[in-house]
Amino acid sequence: MKHTITLIPGDGIGPEVSSAVVRIIEASGAEVQWETHYAGAQALEKFGNTLPEDLLESIKRNKVALKGPITTPVGKGFTSVNVGLRKALDLYANLRPVRALPNVPARYPELDLVVVRENTEDLYAGIEHVVVPGVVESIKIITEKASTRIARYAFEYARREGRRKVTCAHKANIMKLSDGLFLECFRNVSKDYPEIEADDKIVDNACMQLVMRPEQFDIMLLENLYGDIVSDLCAGLVGGLGLVPGANIGEQGAVFEAVHGSAPDIAGQGIANPTALLQSGILMLRHLGERGPADRIEQSMLKVFTEGRVRTRDIGGTASTYEFADAIIAQMAQQGGAAA
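Now for a quick tour of the structure. (Residues numbered from 1 in each chain as written. Predicted model: local features only at pLDDT ≥ 70, side-chain atom pairs only at ≥ 80, totals over all residues. Heavy atoms only, no water.)

What follows is about the packing of helix H7 (residues 203-212) against helix H8 (residues 224-237). In the contact formed by H7 and H8, the axes pass within 11 Å of each other and the chain directions differ by 10°. One way to sum up the angle between H7 and H8 is to call them roughly parallel. Listed contacts from H8 to Val203, Cys207 and Leu210 of H7 are Tyr226, Val230, Leu233, Cys234 and Leu237. Its residues assigned to classes, the contact of H7 with H8 comprises 8 nonpolar, no polar and no charged. (Axes fitted to C-alpha atoms, helices over the stretch in contact; angles between N-to-C directions. Helix = DSSP H or I, 4+ residues; strand = E, 2+ residues; numbered from the N terminus. Parallel < 35°, antiparallel > 145°, perpendicular 65-115°, else oblique. Contact = heavy atoms within 4.5 Å. Nonpolar A, V, L, I, M, F, W, Y, C, P; charged D, E, K, R; others polar.)

Below you can see the structure in the form of structure tokens.
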């Protein structure tokens, strides 16, 4: 069965890393074809809308998308396309596996954990207004429905992937109603999964523990804003955002994306590291049931990292984006799983 995937190349370095990842996926033997659509500044210029309806319809039809980084203006301009996509498609679960890669300097080279972040509400939803000049109010919304849904997703993921523990991070000692509701829903759901350990930590303590003893965590469950911060913190423990994948999953579809920025300062130079988007592509293939091609890509990528001969500049090498992709494709060909 051939899978049709909505491809959103993004801007800045997005088109470069997207092109590299598409080449690798196609060389893996995966049965895929692509529908290319644009979002953000490019779409605004072409269609007068940062999230064109054709793009949303494509994702709803195909049920899956691969998205390169898209610039979000700071403090002005259009609102986040990432947030817009999540709202429009109700992509309620943000999945961020964090695992150290071989031969890449990292604080914790054995780290292997997963951050599960509620994706639709909380302060991060951006519901705010000016009360009077000089006073702004931001609204934090936590619902039983969304909190229960994301907790169940975390435990189902743990059961499916053989994970042993889910830790809920919260601030229920201060926000007793909102974070208290999130924690209560977590505890209620945990009763349905007696084989999986469930515990909780206040979010500031959880951050300290991540820096001191991250091996105690397996799956971390967090509200939207906490999850955004903590997932980046975890990425820093293994080398940075350029190395880790991300997925936004809901009933209407799933968007797999690079979680780093668009890096306009190096755009067009062909030196960007495509690993983050490639790892997201591996997640995407497994989501589609294409485990064979996903495993081939992952094993070949790990081999390239282990050998260390072909490395992009951000991790101490001189290879271009294109050369890095070529090395992975060549490694797959050697294994007999792909055509170079």
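More follows now that the structure is in view.
On to a nonpolar patch on the surface, then. Judged by side-chain polarity, Ile127, Ile139 and Ile141 come together as a nonpolar surface patch covering roughly 210 Å² of accessible area. The topology assignment puts isoleucine 127 in the loop between strand E5 (112-118) and strand E6 (128-132). A residue is classified by how much of its surface remains accessible, and isoleucine 127, at 38% relative accessible area, is partly exposed. (Patch = residues over 30% accessible without salt bridge, like charges linked within 9 Å, V, L, I, M, F, W, Y side chains within 5 Å. Areas by Shrake-Rupley, 256 points an atom, 1.4 Å probe, with all protein chains shown as cover. Salt bridge = Lys/Arg side-chain N within 4 Å of Asp/Glu carboxyl O. Buried < 20%, exposed > 50% of the residue type's maximum accessible area, 1.4 Å probe, protein only.)

Turning to helix H3 (residues 53-62), its buried residues number three or more, namely Leu55, Leu56, Ser58, Ile59 and Asn62. Take H3 and look down its axis: the buried residues cluster within an arc of 155°, on one side only. Pointing more than 90 degrees away from the buried face of H3 are the exposed residues Asp54 and Arg61. Just past H3, the residue lysine 63 takes up positive phi, approximately 70°. (Arc of directions from axis to C-beta.)

A separate point is the pairing of strand E9 (residues 197-202). Bridge analysis of strand E8 (residues 165-170) against E9 gives 6 bridges, and the strand direction is parallel. Counterpart to lysine 165 in the pairing with E9 is glutamate 197. In the classification by handedness, the crossover that spans E8, the intervening helix H6 (residues 178-190) and the parallel E9 is right-handed. (Pairing = 2+ DSSP bridges. Right-handed = clockwise from strand over helix to strand, strands pointing away.)

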